[in-house]
Structure formats: C-alpha cells, structure tokens
Amino acid sequence: MEQLSMNLLGAAFFLYLAATIFYAVSVTGKKWRDKQGQMTGNNWGLLGYISSIIGVVSALGYFFTRWAVAGHAPVSNMFEYTAFFAITLSLAFVILYGIYRVNVLGLITMPIVMLLIAYAAVFSTEVQPLQPSLQSHWLEIHVITTAIGQGILAVSFGAGLIYLLRTIDLKRKGMTKRTFGVEFIMYTLMSALAFILVTNAFGAFDYEANFAYIDENGEPAEKLYELPPLFGPNEGELLTEDRMEPWFEMPDWIVSEDLNTVVWAFGTGLILYALVRLTTRRRVGALLQPLFKSVKPQTVDEISYRAIAIGFPVFALGGLVFAMIYAQIAWTRFWGWDPKEVWALVTFLFYAAYLHLRLNRNWHGEPSAWLAVIGFAIIIFNLIFVNLVIAGLHSYA
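Within each chain, residues carry numbers counting from 1 in the order of the written sequence. With the structure being a predicted model, the display of local features is reserved for residues of pLDDT at least 70 and the display and counting of side-chain atom pairs for 80 or more, all residues being used for whole-chain, interface and lining totals. Side-chain measures were taken over the full set of non-hydrogen atoms in the model, leaving aside hydrogen atoms and water.

Looking now at the pairing of strand 4 (residues 220-225). In this sheet, strand 4 lies alongside strand 3 (residues 209-214) in antiparallel orientation, the contact comprising six bridges. Pairing of Ala212 across the sheet is with Glu222, part of strand 4. Here strand 3 folds back onto strand 4, and the loop between the two strands holds five residues, one of which, Gly218, carries a positive phi near 80°. By this definition, two strands are paired if DSSP reports at least two bridges between them. Runs of E in the DSSP output that reach at least two residues are strands. Runs of H or I that reach at least four are helices, and both are numbered from the N terminus.

Written as structure tokens, this is what we have:
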C-alpha cells in the first residue's frame, strides 16, 4: 500500500507534466491537424484541464492511501506536508480554471506544483510514527485546513506573476525596481529547480557526512549531511572520512544542515540563472514574456484577488484558530511565540492588509500583483526557512 501511494503520486507528477505541455501548446498557438480537422488552443487547453483533473484524482489517491497505511493524515513531516501543499494548489487551480478558462494560468501553476512535489521527494518518504505531541485529531484539522488555505493563496502568485510578465517592459535597457523584482522571482524559481537537480545528483552517489556536535540543550548528538557541508553544527566534529570540512560553524539555535541545504539551493540557482543569462543575453522574464501577450490583465488580476479572498479565511481558520486550539492541547498554551507561530501571524496580517488595500482602486493591477507575489514568498519562507533552519517546536516538520 505504501508503494502504491508513492506510485499514485508519481503518476500525478507526470499527469501535471502532460498538462503543462498541453497548456504550453495552447498558449504558443501551435496547431495539430488530422483527418477530423484542426486542434485549436482551446482544444489543447481542454486536454491540459483534463490531465490536471486526473492528476488531482491520482494525487488524492496517494494522500488517502498513505493515510490508510500510516493510520494518520500524511501531513506530519516535510515530505508529506509539501506534497499535500502541492495537491491543494493543483486542486485550487482546477476549480478556478473551471471558472475563468485561462490556459496560461495552467502554464505557470502546473510547473510550480511539479517543483513542490519534486522538492518534497528530496526528504525522507518513509511512513513515520507520530511524535506524542502530534497524536491528536487536531493535527489533521489544523494542518489540512492550513495547507488548503495556502494552496488557494498560491494560485494568486501564479496570476500575479502572469500580470507582471504581461505588463512590465522587460526588454528595456537598464535595471529598474520592477524589472529587478521580476528577475528575482525568476531566479528563485530557478533556485528551486537547481536545488532538486543538485540534491538528486549527490544522492545518486550516496553522499553523506556525519558530525558529532552539541545541540541546543547542551547535549552531545550526531547530525547527518547529504550535501557537502559549507556550514557546520555547533562545536561540530566531522566523523566521516574523505569529506570536506565546513567553512563556518553555526550556533546551536541554527539547524546547520538545513541552512547548508538552503545556501546550496540559492548558490546553484545563481549559477543556473547566470548560465541562462549568458547564453541568451536576455533577461529570463523577457524570454517568457511572448507567451503572455494575449492575456487580459484585468482577468488575471481578478483571479489573483479571488484566490486571496477565498484562501485568506481558510488559512486564518487553520493557521491561527485551529492552531491555537491544537497548541493548547499539545503544549498547554494557546500561543508561545514559536518561530512558526510568529510567521503564521505575519502571513495572516499580510493578507489582511492586502484585502484592506484592495478596497482602494489605486491598489488594483500591478500593486496588487506585487503583493500577491510577496505573500507567496512569505508562505515559502515559512515552509522552507522557518521549518528547516530555525530551531523550534515545529522543527520536526
């Protein structure tokens, strides 16, 4: 059953890939002829939508099959939560696409879903027993509701990015704040891709470096690195022979191996971004811009707003209300200023400010698109950096 669940997730990944290809063909305007006539962009978009729906069904099959195997909702570690986040994003896309029928939204959203699944697969995929503090039905209620809210909010990022690529002149000479912002988004997406590639490359060679160190409680412990250590643990001693020594030693409140992973991701992403720029001699955003020339900016602006208007209350319910109830049960306090709790509050306040500003027409269009992109960046920062790098009660994730 466990293997079946992973096979279903793998099938979903390739269905999302097929959907991306179909949406790409629909957007580029290429047509395919046969005896019956001609496939138009709308036909290709329909194929992409069908592939997306089947992908969601397959992904949900993974989720419920793994639930049956584990005996609890599979949202208790980085692999499970990130995979479920990808599923909720694809489900939210399927619903919103059914309303607006914007093919280019699939061209942006489906690759993000695939990146999230590939990123999740970097972590251990084994079914693990729950820690005592997690053995509560409120875990399922809190985390599932939060992930659904974030998945809906993530659609606003795709729509916001499309708006920026459609309206900002990325071919003009010189760097402005607007062009720099778009290029930085392209760089971060390429960093995610580079991280997946480099992690799988070292994994293929079974790279490991083991350290003895002193943890945040002052106790001796061991830590395993799966990428060459640029940042070592607190008072760390390398135990594995023929491995490079770390360049820097981190304090005990930093999860050093995860910081090392984050730096590897952004460093290799910078190399990949530079190679594309040097090869094409154009901005990465400018390479993609022709795909969006037929997009109506008002439509994607509305999609972005609708996604936030729907996703915000769902996230608030799961990320704050249910989280406080769960925290009281698990740790006997509603709020403790744990890093994860703080960033959940930051996310809530940011999207609340977005909805307030949206009441002013001056914040429609491009300002709204930038806010949608920044909001997604906060979600990803919470998912990756806060979960992995900063030690806290949620570090198990």
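This part takes up a negative patch on the surface. Without a salt bridge and with relative accessible area above 30%, a residue can belong to a patch; like charges are then joined within 9 Å and nonpolar side chains (Val, Leu, Ile, Met, Phe, Trp, Tyr) within 5 Å. Reported accessibility uses the Shrake-Rupley method at a 1.4 Å probe radius. Residues are deemed covered only where the shown protein chains occlude them. Here, a salt bridge means any side-chain nitrogen of Lys or Arg that lies within 4 Å of a carboxyl oxygen of Asp or Glu. Within this scheme the basic residues Lys and Arg register as positive and the acidic residues Asp and Glu register as negative, but His and the chain ends are omitted. To locate a charge, the coordinates of NZ of Lys, CZ of Arg, CG of Asp or CD of Glu are taken. Taken together, the side chains of Glu216, Glu235, Glu249 and Asp252 present a region of like negative charge at the surface. Within the secondary structure layout, Glu216 lies in the loop between strand 3 and strand 4. Note on Glu216: relative accessible area 48%, which makes it partly exposed. Three exposure classes are used, based on accessible area relative to the maximum for each residue type with a 1.4 Å probe and protein chains only: buried under 20%, partly exposed in between, and exposed over 50%.

On to the domain arrangement of the chain. Structurally, the chain comprises domain 1 (1-129), domain 2 (134-171 + 284-396) and domain 3 (200-282). In this description, contact between two residues means that some pair of their heavy atoms is separated by no more than 4.5 Å. The interface is formed by 28 residues belonging to domain 1 together with 33 residues belonging to domain 2. Buried area: the sum, over both parts, of the accessible surface (1.4 Å probe) that disappears when the two are put together. Summed over both sides, the interface between domain 1 and domain 2 buries roughly 2,600 Å², with carbon and sulfur atoms accounting for 84% of that surface. By the criterion of area lost to domain 2, the three top residues of domain 1 are Tyr81, Phe85 and Tyr100, representing 23% of everything that side buries. Here domain 1 is connected to domain 2 by zero salt bridges. Under the rule applied, a polar contact is a pair of N or O atoms within 3.5 Å (in protein, one hydrogen donor and one hydrogen acceptor; residues adjacent in sequence only if both atoms are side-chain atoms). Summed over the shared surface of domain 1 and domain 2, the result is four residue pairs in polar contact (both at pLDDT 80 or more). Mapped by element, the contributors of at least two residues to the side of domain 1 that touches domain 2 are helix 1 (2-28), helix 2 (41-70), helix 3 (78-100) and helix 4 (103-120). For the side of domain 1 that touches domain 2, the leading source of residues is helix 3, giving 11 residues. Any residue that is not Ala, Val, Leu, Ile, Met, Phe, Trp, Tyr, Cys, Pro, Asp, Glu, Lys or Arg is counted as polar, Gly included; the first ten are nonpolar and the last four charged. Grouping the constituent residues of the side of domain 1 that touches domain 2 by class yields 22 nonpolar, six polar and no charged. Source of the domain bounds: an automatic or database domain assignment.

Turning our attention to helix 7 (residues 256-280). Multiplying 1.5 Å by the helix residue count minus one yields the expected span of that helix. Over its 25 residues, helix 7 extends 36 Å from the first C-alpha to the last, a length consistent with the 36 Å expected when each residue adds 1.5 Å. Backbone geometry just downstream of helix 7 places Arg281 in the positive-phi region, at approximately 55°.

For the rest of this paragraph, the subject is the confidence of the model for the chain. Along the chain, pLDDT gives the predictor's confidence residue by residue, from 0 to 100. Summing up the model confidence of the chain, the mean pLDDT is 87 and the portion of residues at 70 or higher is 93%. Of all helices and strands in the chain, the one with the weakest mean pLDDT is strand 1 (residues 32-34) (49), whereas helix 3 scores best (93).

Let's shift gears to the packing of aromatic side chains. For any two aromatic rings, the description comes down to two numbers: the centre-to-centre distance and the angle of the planes. Here a Phe, Tyr or Trp ring, Trp counted by its six-membered ring, pairs with any other such ring whose centre lies within 6.5 Å, and the pair is stacked when the planes are under 30 degrees apart, edge-to-face when over 60, and tilted otherwise. The full count for this structure, using the stated rule, is 26 aromatic pairs. Relative to Phe195, the ring of Tyr119 lies with its centre 5.4 Å away and its plane at 50°, an arrangement referred to as tilted. Of this pair, Tyr119 sits in helix 4 while Phe195 sits in helix 6 (residues 177-204), placing them 76 residues apart in sequence. With relative accessibility at 10%, the residue Tyr119 sits in the buried group. Geometrically, the ring pair formed by Phe180 and Phe184 is stacked, given 6.3 Å between the ring centres and 25° between the ring planes. Of this pair, Phe180 and Phe184 both sit in helix 6, separated by four residues, roughly a single helical turn. Relative accessible area serves as the criterion here: at 49%, Phe180 is assigned to the partly exposed category. Of the residues examined, Phe184 reaches a relative accessible area of 44% and is grouped as partly exposed. Within the aromatic cluster, the residues linked to one another by ring pairs are Phe180, Phe184, Tyr187, Phe266 and Tyr273.

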